[in-house]
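Here are the chains, one letter per residue:
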Amino acid sequence: MTLSPHSLPRRHSLQDQAYQALRTAILGGELEPGQRLVETQLAEKLQVSRTPIREAIRLLQQENLVTLEPSGGVRVATFTCADAIQLYDCRIGLEQLSVVDACQKITESQLQQLEGMLEQAERIVTGKPTRLSCFRQLDLDYRFHRLLAQSSGNPWLVLLLDQVFDKMLLLRIQTTRNNPTVLDIRTEHRAIYEAVRSRDPKAATEVIIAHLNASKARVIREMEQIQLESKIVQ
């Protein structure tokens, strides 16, 4: 759902619809990290009053997807290197459980879906990196890891990871908009898939930790570069 006039069908409360529209716009990159959110402008785009926009922003603030400035303004959340490290550490802990249980419980259908995602990723990286291809990779990355969690048979694990994934997606948008190549999922996802398909929990644990640590290192390196460039401009 994009932020365009008439984009809110009146099936649910305007607050719920405004929340979903803004959340989708943030996680889809339409509203970028650090971008200021102006209630009057958002209300005009969605053709609602400021009240549902204000309530939607309050809910997004509770999810740490937007931040309130001392001046009272609101911006889409941005993350620091410390935030990135902590988010990745959470994922490492949770996704070890994910792949260990997946080795025991994953179905053939789920394995086929994972393999299909790998094939899609391989097709994407053969072309020149673009904003669209970057978002397609981000979507594949999310769907790959979420399916692994679902295949563990642990709904609480999926719920916890979903909360982390939202912040991670915003973090990845923050870094990939400057360098699309910072996202490298093809070979690392293949190694995870092979270990889970072989139903080898030890190998699966090792490769998921290696993958997430490598991803963390790439993201931190890119964030440090962004901060350095920002200081130079200032």
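On a predicted model such as this, the values are computed, not experimentally measured, just so you know.

What counts and how
Residues numbered from 1 in each chain as written. Predicted model: local features only at pLDDT ≥ 70, side-chain atom pairs only at ≥ 80, totals over all residues. Heavy atoms only, no water. Helix = DSSP H or I, 4+ residues; strand = E, 2+ residues; numbered from the N terminus. Buried < 20%, exposed > 50% of the residue type's maximum accessible area, 1.4 Å probe, protein only. Contact = heavy atoms within 4.5 Å. Areas by Shrake-Rupley, 256 points an atom, 1.4 Å probe, with all protein chains shown as cover. Arc of directions from axis to C-beta. Axes fitted to C-alpha atoms, helices over the stretch in contact; angles between N-to-C directions. Parallel < 35°, antiparallel > 145°, perpendicular 65-115°, else oblique. Left-handed = near helix turned anticlockwise from the far one by under 90°. Core = buried A, V, L, I, M, F, W, Y, C linked by side-chain atoms within 4.5 Å. Phe/Tyr/Trp six-rings, centres within 6.5 Å; stacked < 30°, edge-to-face > 60°. 1 Å grid on protein atoms, 1.4 Å probe; cavity = no way out; pocket = protein on both sides within 12 Å on 5 of 7 lines; lining within 4 Å. Points joined across faces, edges and corners; volume = space filled by probe spheres on them. Salt bridge = Lys/Arg side-chain N within 4 Å of Asp/Glu carboxyl O.

A. The overall build of the protein chain, seen in detail. A tally of helices and strands in the protein chain yields nine helices and three strands. Of the regular secondary structure in the protein chain, the N- to C-terminal order runs α-β-α-α-β-β-α-α-α-α-α-α. Taken across its 234 residues, the protein chain has 44% of its residues classed as buried. Sequence-distant contacts in the protein chain: of pairs separated by 6 or more residues, those separated by 24 or more amount to 75%. Counting only carbon and sulfur atoms, one obtains 52% of the accessible surface of the protein chain, whose full area is about 12,000 Å².

B. Helix α2 (residues 39–46), seen in detail. All of the buried residues in α2 are Glu39, Leu42, Ala43 and Leu46. Seen end-on, α2 carries its buried residues on one side only, within an arc spanning 100 degrees. In this fold, the buried residues of α2 make contact with α1 (14–27), β1 (36–37) and α3 (50–62). Gln47 sits one or two positions beyond α2 and adopts a positive phi of about 55 degrees.

C. Expanded view of the packing of helix α5 (residues 108–124) against helix α6 (residues 131–151). One way to put it is that α5 packs onto α6 with a least axis distance of 10 Å and a crossing angle of 165 degrees. By the criterion of interaxial angle, the relationship of α5 to α6 is roughly antiparallel. In this structure, the crossing between α5 and α6 has a hand that is left-handed. Contacts from Gln110, Gln113, Leu114, Met117, Leu118, Gln120, Ala121 and Ile124 of α5 reach α6 at Ser133, Arg136, Gln137, Leu140, Arg143, Phe144, Leu147, Leu148, Gln150 and Ser151.

D. Highlighting the nonpolar core. Formed by 40 residues in total, the largest nonpolar core has its most connected members in Ile53 and Leu171. At the level of secondary structure, the elements contributing two or more residues to this core comprise α1, α2, α3, β3 (74–76), α4 (81–105), α7 (155–176) and α9 (201–233). In contact with Leu171, not counting residues within four places along its chain, are Phe79, Ala84, Leu87, Tyr88, Val219 and Met223. Within the second largest apolar cluster, 23 residues are counted, among which are Leu114, Ala121, Ala195 and Leu212.

E. Main features of the packing of aromatic side chains. As enumerated under the stated definition, the model contains one aromatic pair in all. Residues Tyr142 and Phe165 carry aromatic rings whose centres are separated by 5.6 Å and whose planes lie at 85 degrees to one another, so their mutual orientation is edge-to-face. Here the residue Tyr142 occupies a position in helix α6, and Phe165 occupies one in helix α7, the gap between them amounting to 23 residues. Judged by relative accessible area, Phe165 falls into the buried class, the value being 6%.

F. Summary view of empty space enclosed by the protein. The final tally for this structure, using the stated rule, is two cavities of 30 Å³ or more. Of the voids in this model, the largest cavity is the one considered here, and its volume is about 100 Å³. Looking at the lining of the largest cavity, the elements that each hand over two or more residues are α6 and α7.

G. Highlighting the pattern of salt bridges. All chains considered together, the criterion is met by 15 salt bridges. With a shortest N-O distance of 3.3 Å, Glu39 and Arg50 are connected by a salt bridge. Here Glu39 is found in helix α2, whereas its partner Arg50 is found in helix α3, with eleven residues between them in sequence. With its nearest N and O atoms 2.5 Å apart, the salt bridge here joins Glu69 to Arg75. Within the structure, one salt-bridge network assembled from shared partners comprises Glu122, Arg190, Glu194 and Arg197.

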